[in-house]
Every structure is written in structure tokens, then in C-alpha cells.
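Structure at a glance
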Amino acid sequence: MNIAIQFAYLIASVLFIIGIKKMNKTKEARTGNQLSALGMLVAILATVVQVQSISLVEILICVVIGSAIGLYISVKVEMTQMPEMVALFNGFGGLASLAVASSDYWLKTQELGQHVGPIIGTSAALSIFIGGLTFTGSIIAFLKLNGKISGKPIMFKGQHLVNLLLLIGAVVAAVVALMNQADSIYIIALVAIALVLGILVVIPIGGADMPVVISLLNSYSGMAACTTGFVLNNNVLIVSGALVGASGIILTQIMCKAMNRSLMNVLLGGFGQTAS
Amino acid sequence: MSLESLIILLYVLVLASYLGFELISKVPPTLHTPLMSGSNAISGITIVGAILACNELGYGTVSKWLGMLALILATINVVGGYAVTDRMLKMFKKKK
């Protein structure tokens, strides 16, 4: 890859780091966010110059559609609805990572008939799994805060067992998919399991704990972006994804402490109502 | 991917993760939501991958459509995320 493009990615990564650092302080927070947005612009421009000119049209169309929707939501939303908006955007980010990883995997294994190696295969499976879980988990968090579904913890018997079995199922589906790459059914099964697990993991958690859950899911979407970086062999995705993944975990812990709850307690669910 | 490049990427991953842990130290509670929203916008960096996925092959392939879907979603995440964060932080300044 071109050295100028790599250099632009480096600049973008540095801007993200400075941006997050500045967002720790009230006075500098807005500048920090703008610096990080500038970093994103640099990364996007550096990527767009790499594409073939024929693809530019549809890329532009997708970007215009996405920008219009994003701007519309961000202008319309009430200040009190902020956490649920973050959840919604986060869900989109997770689904985007899933789509990028499966697009690359599908192209290589189904359309070009290639065999992907264990490194790219594992990264793609992880990206699909984390991205799918982040998507449905975030949508449930959004719906709970929104009041579209009850904020009360929804529990059923043997819930943790079902989750565990699904997790094992996901690992099995991923391993079998990588061993039989020409057969697409296993990778589709992995997508399905990740989506279902995302729902089941978040529904037992009470509405009062949702901000913590959203913060954790935000961290997950960073990890999904990071694993997508391994699929595409792209540094800027790995750096930014890891930054968000790690800082998201720390922020989640800080938020838990502020609410006097332990993270384990929140994740096991069912207590959220008493905390309100 | 060769093992050598995997090792370099893993170095990048480990160092960036450590940096992420260190960057968040004493955040005042009022900044929790903006910080979450701002870092969520950064995780929209997957837009880079989406653009590259859109670059593949012609129409009519699953991978192309997945790439275009990813690009729309990632753009919503990036643009909406930064715009919403900026709106929140703008409110902050007025209150002070």
C-alpha cells in the first residue's frame, strides 16, 4: 500500500488519541471531539483515493444517504434521549463491522473460491460474532430506554445456560465454517447465533443499568472494528478499534463505580429496577 | 497474511489497547455520556473497511451489497455520532 496513505492513517490515529485525551476535561472536550472528527475525515479521504473511479459513484451515494440519516437523527433528537441515540448509532456500527467482515469473507470464499488462512478466518469470525452481538444488543438497549419494550428485566428459567450453549454453538459454527469454507451455511449460522445472543444478553438487564450496558457495547463495537482491521490488514482500524475497545472497558468500570454497582452484577442482570 | 505481519499487527493491538486504558483516567461524571458518544463515533472507523469493501467487483454480488450496506450504516454511525457529541458538548459551554 502507498506510503502516503499509511502516513495519513497514522495522522488519523494520532488525532483520535489526542481527541480522546482532551475529552477527559470539560473545557477541552469539544475541541477533542472536533479533532477526532478531523482524524476520521483524514482516514476517509485517504481511503477514498485508493478506490477505482467506477466505484466512486456508489460510494458517494452510500455516504450521502448515511450522512443524511445521521445528521437528521442528530438534529431531531432531544437532549434527554442521548443515551438511547448512542445505543442506536452503536448498533449501526456493530452491524457495519459484521457486514464488512462478511463481505470480505464472502467475496473470498464464495465468489472467488479461495481458501482464507486461519488468521484472516478467525478474525472474520470474531468480527462477525462481536459485531452481530453488538447490533442486536444495542437495538434492545435502545428499545428499552425508548420505552418501546419494558425497561424491566426480562428473565426466564435457564437463561444463563441457554446463553452458554449459544456461545458454544457460535464457536462450533465458526470452527466448522473455517474448515468447510465453500459451504456458506455455517457462517450464516454464526451470524444468526450472534444476533440471537445479543438479544438474550441484554434483555435480562434493567433499564436503570442501560447506560453501563451501552458503554460496554460501545467497547465491543470498538473490538469488532479492531478484528475487522485484522481481516483487512489495516492499521488504522486496529488502532482505533483497540483504543475504543480498551477505553470503553475503563469507562464502563468508572460508570459502574459511580452507580455503586459491580460490572458482574450488571451483566448477570435482573437487579436494574432496584438501582433506580 | 504472513506470521511476521501478524506479529506487527499484534504489537499495534497491544500498545493501542494499553493506550486506551491509560487515556481514560479521571473523567468527571458529566462527561461520561459525551465520552461514550465520542468514542462510539471513533468506532465508526469501520467506514474505512466499508469503503474498501464497496470497491470490490461489480454489482449483483453479495459482497458488494454487504459493502454498500456497511458503508451506509458506518456513515450514520460516524456522522450522527460526531454531530450528537458536538451538540452535547455545546450545551455544556452554555451552562458554564
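Note that the structure is predicted; figures quoted are calculated from it, not measured. (Residues numbered from 1 in each chain as written. Chains lettered and ligands numbered in written order. Predicted model: local features only at pLDDT ≥ 70, side-chain atom pairs only at ≥ 80, totals over all residues. Heavy atoms only, no water.)

**So, the interface of chain B and chain A**
Inclusion rule: By definition in these notes, contact holds between two residues if any of their heavy atoms fall within 4.5 Å. Buried surface area refers to the total accessible area, computed with a probe of radius 1.4 Å, that the two partners give up upon joining, counted for both partners together. Salt bridge, as used here: a side-chain nitrogen of Lys or Arg that lies within 4 Å of a carboxyl oxygen of Asp or Glu. For this analysis, a polar contact is any N or O atom pair within 3.5 Å, provided that within protein one partner can donate a hydrogen and the other can accept it, and provided that sequence-adjacent residues contribute only side-chain to side-chain pairs. Working definition: helices are DSSP H or I runs of at least four residues, strands are E runs of at least two. Numbering for both runs from the N terminus.
Across the contact, 77 residues belong to chain B and 87 residues belong to chain A. The junction of chain B with chain A conceals about 7500 Å² of combined surface from both sides, 76% of it contributed by carbon and sulfur atoms. Among the residues chain B hides against chain A, the three largest losses belong to Leu23, Met36 and Ile45 of chain B. Together they make up 9% of the total. Viewed at the interface, chain A and chain B are joined by two salt bridges. Lys64 of chain B is the salt-bridge partner of Glu58 of chain A, the closest N and O atoms lying 2.5 Å from each other. Scanning the region where chain B abuts chain A turns up 19 residue pairs in polar contact (both at pLDDT 80 or more). Broken down by secondary-structure element, the contributors of at least two residues to the side of chain B that touches chain A are helix H1 (3-23), helix H2 (32-43), helix H3 (46-54) and helix H4 (62-95) of chain B. Sort the elements by how many residues they give to the side of chain B that touches chain A and H4 of chain B lands first, with 30 residues.

**Section: the environment of Leu167 of chain A**
All names here are of chain A. Tracing the chain through its elements places Leu167 in helix H6 (residues 159-179). As a C-alpha pair, Leu167 and Gln6 span 161 residues in sequence and 37 Å in three-dimensional space. Excluding residues that lie within four positions of it along the chain, Leu167 makes contacts with Phe129 and Leu197.

**So, helix H4 (residues 82-111) of chain A**
Residues and elements named next belong to chain A. Rules: To estimate how far a helix should extend, the number of its residues minus one is multiplied by 1.5 Å. Summary of the burial criterion: residues with accessible area below 20% of their type's maximum are buried, those above 50% are exposed, and those between are partly exposed, where the area comes from a 1.4 Å probe applied to protein chains only.
Relative to the 44 Å expected for 30 residues at 1.5 Å per residue, H4 spans 41 Å between its end C-alpha atoms, a close match to the ideal helical length. Along H4, 27 of the 30 residues are buried, which leaves the element largely enclosed by surrounding structure. Backbone geometry just after H4 places Gly113 at a positive phi near 65 degrees.

**Focus on the nonpolar core**
To keep it simple, the criterion reads: We call a set of buried residues a nonpolar core when its members are Ala, Val, Leu, Ile, Met, Phe, Trp, Tyr or Cys and they connect through side-chain atoms within 4.5 Å of each other.
Membership of the largest hydrophobic core comes to 112 residues, with the highest contact counts inside it found for Leu190 of chain A together with Ile45 and Ile47 of chain B. Top contributing element to this core by residue count: H4 of chain A, with 15 residues. Look past the residues within four positions of Ile45 of chain B in its chain and what remains in contact with it is Phe16, Met40, Ala43, Ala225, Val236, Leu237 and Ser240 of chain A.

**Considerations on the UniProt feature "transmembrane region" (unreviewed entry) in chain B**
All names here are of chain B. Heads up, the condition is: UniProt positions are given in the numbering used here, feature names are shortened, and annotations may be inferred rather than shown by experiment.
The sites that carry the UniProt feature "transmembrane region" (unreviewed entry) are, in the present numbering, residues 6-23 and 65-85. Helix makes up 100% of residues 6-23 and strand 0%, with an end-to-end C-alpha separation of 25 Å. For residues 65-85, the end-to-end C-alpha separation is 30 Å, with 100% helix and 0% strand making up the annotated structure.

**Some words on a nonpolar patch on the surface**
Quick note on the threshold: Each patch groups residues whose relative accessible area exceeds 30% and which form no salt bridge, using 9 Å between like charges and 5 Å between nonpolar side chains of Val, Leu, Ile, Met, Phe, Trp and Tyr. To be clear on the numbers: accessible area is Shrake-Rupley with a 1.4 Å probe, and residue cover counts the displayed protein chains and nothing else.
Taken together, Leu161, Leu164, Leu165, Leu167, Ile168 and Val172 of chain A make up a surface patch of nonpolar side chains, about 550 Å² in accessible area. Topologically, Leu161 of chain A is positioned in helix H6.

**A few points about the side chain of Ser67 of chain A**
For Ser67 of chain A, the location among the structural elements is in helix H3 (residues 56-76). Taking the relative accessible area as the measure of exposure, Ser67 of chain A reaches 19% and is therefore buried. With sequence-adjacent residues up to four places away left out, Ser67 of chain A is seen in contact with Thr75 and Val79 of chain B.

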